[in-house]
Amino acid sequence: HVRHRLSEGGVFCLWLPAYHLDTATFRAVVATFLEVFPAGTLWHAQGSDYLLVGAADALVVDPFALARRMTSGAVAVELANLGIVGPSDLLANLVLDPDTIITFADTPVRNTDDNALLEFIAPRRLLANPGEAELLLTLEESRGTTLGFFRPEPSWLDDARSARSARGSAIRSGLFFSTGRTQEGIAALREAAAANPSDLFVEQTLAANQRHADELARAGRIDEAIARYRFLLDVAPGRVATREGYDALMRLAE
C-alpha cells in the first residue's frame, strides 16, 4: 500500500495520461486515487499528460518555503526550462485542488484488482476516438481558482489565482479552435490574455493563430489573413510579433 510506505511529509505522484481515455474512465481513476489520498490534487504537465499528487496528510503548503525552493540553483534552472519562473507560473498548472477534485471525482466506479478497469479499457481504445477533447474540456471546466492550502496566505496569492484562471482559459481556447468552435475559442483566448497576457499557453495559442494567418496569406487569402491578424491585435495589442507580422502583411497587400 503506497500510502503506508510514505515517510512523514512524503508525497506520491502518479502520471495519468488522458489519451485513449474517456471522461468516465478518467474520473474513475481520480476517484480511486482519492480513496487513498483524500487531499489529492491534479496537475497539468503538457499536452494530454496529467499528474495526480497526494500526501499522507492534509495538503498544507508554506508559501515562503515554496518560493525559496523554487529560486535555488538547479531547481530554478530546471523550472525555467519549463517556462516556470515563480510560484504563480507553477500554480497555473494546478487544475483540480482538494476542493474541486472531490466534485470532479463524484462517481461510484473504481479501478480495482478485481475489475482491472484501466488495464482493459485503455488498450481497447488505442485505435478508437474516445473524445479526448471532450475530456480535456471537462477537466478545464472543473478547474478551480481557490488556493486555500497555503498557510499563511502569501501576498502573491491573487496573482496565482489569476494565473490559474488564465491558463484554464488558454487551454480551453486551444481546444475550441482545434474542434472548430472558433467563436468560443476567440472568447476564451480574450479572457486568458486579459487575465495573464504573459501566460505560456496564451503565447502558444497566439503564435499558432499567427502561423495560421501567415498560411492564409501564402495561399492568397489575404483578406482572411488580415482579419485573423486584427483579431490577434485586438486580443493582445502589446504582442510585438503580431504587430510586426501584421505590418509585413499590410505591406504585401498594398
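Each residue is numbered by its place in its chain's sequence as written, counting from 1. A pLDDT threshold of at least 70 governs which residues receive local features in this predicted model, and a stricter bar of 80 or more applies before side-chain atom pairs are shown or counted, although totals over entire chains, interfaces and linings include all residues. Side-chain metrics in this entry use all non-hydrogen atoms of the structure; hydrogen atoms and water are not considered.

With that out of the way, let us pick up the sheet that holds strand E3 (residues 49-55). We call two strands paired when DSSP finds no fewer than two bridges between them. Helix and strand definitions here come from DSSP, where helices need a minimum of 4 consecutive H or I residues and strands a minimum of 2 consecutive E residues; each element is numbered from the N-terminal end. Strand order in the open sheet formed by four strands is E1-E3-E2-E4, and the pairing between neighbours is antiparallel. What marks the edges here is a single partner per strand, and that holds for strand E1 (11-17) and strand E4 (94-96). Within this sheet the neighbouring strands show an average axis-to-axis angle of 35°, counted without direction. Helix-sheet contacts for helix H2 (residues 23-36) involve E1, strand E2 (41-46) and E3, and the interaxial angle to E1 is about 170°. Simply put, an axis is a line fit to the C-alpha atoms, just over the touching stretch for a helix, and the angle between two N-to-C directions goes from 0 to 180 degrees. Only heavy atoms enter the contact rule, under which two residues are in contact if any of them lie within 4.5 Å.

Turning our attention to the nonpolar core. The set of buried Ala, Val, Leu, Ile, Met, Phe, Trp, Tyr and Cys residues whose side-chain atoms join them within 4.5 Å is what this entry labels a nonpolar core. Partly exposed residues are those whose accessible area sits between 20% and 50% of the maximum for their type, while under 20% is buried and over 50% is exposed, using a 1.4 Å probe and protein chains only. Counting 38 residues, the largest nonpolar core has Phe26, Val30, Leu42, Tyr50 and Leu139 as the members making the most contacts within it. In contact with Phe26, other than residues within four places in its own chain, are Leu16, Pro17, Ala18, Leu21, Leu42, Tyr50, Phe104, Leu135 and Leu139. Val61, Leu79, Leu94 and Phe149 belong to the second-largest nonpolar core, a separate cluster that totals 14 residues.

A separate point is the environment of Ala207. The residue Ala207 is located in helix H11 (residues 200-218) in this model. Taking the C-alpha atoms as reference points, Ala207 and Ala241, 34 residues apart in sequence, are found 8.4 Å from one another.

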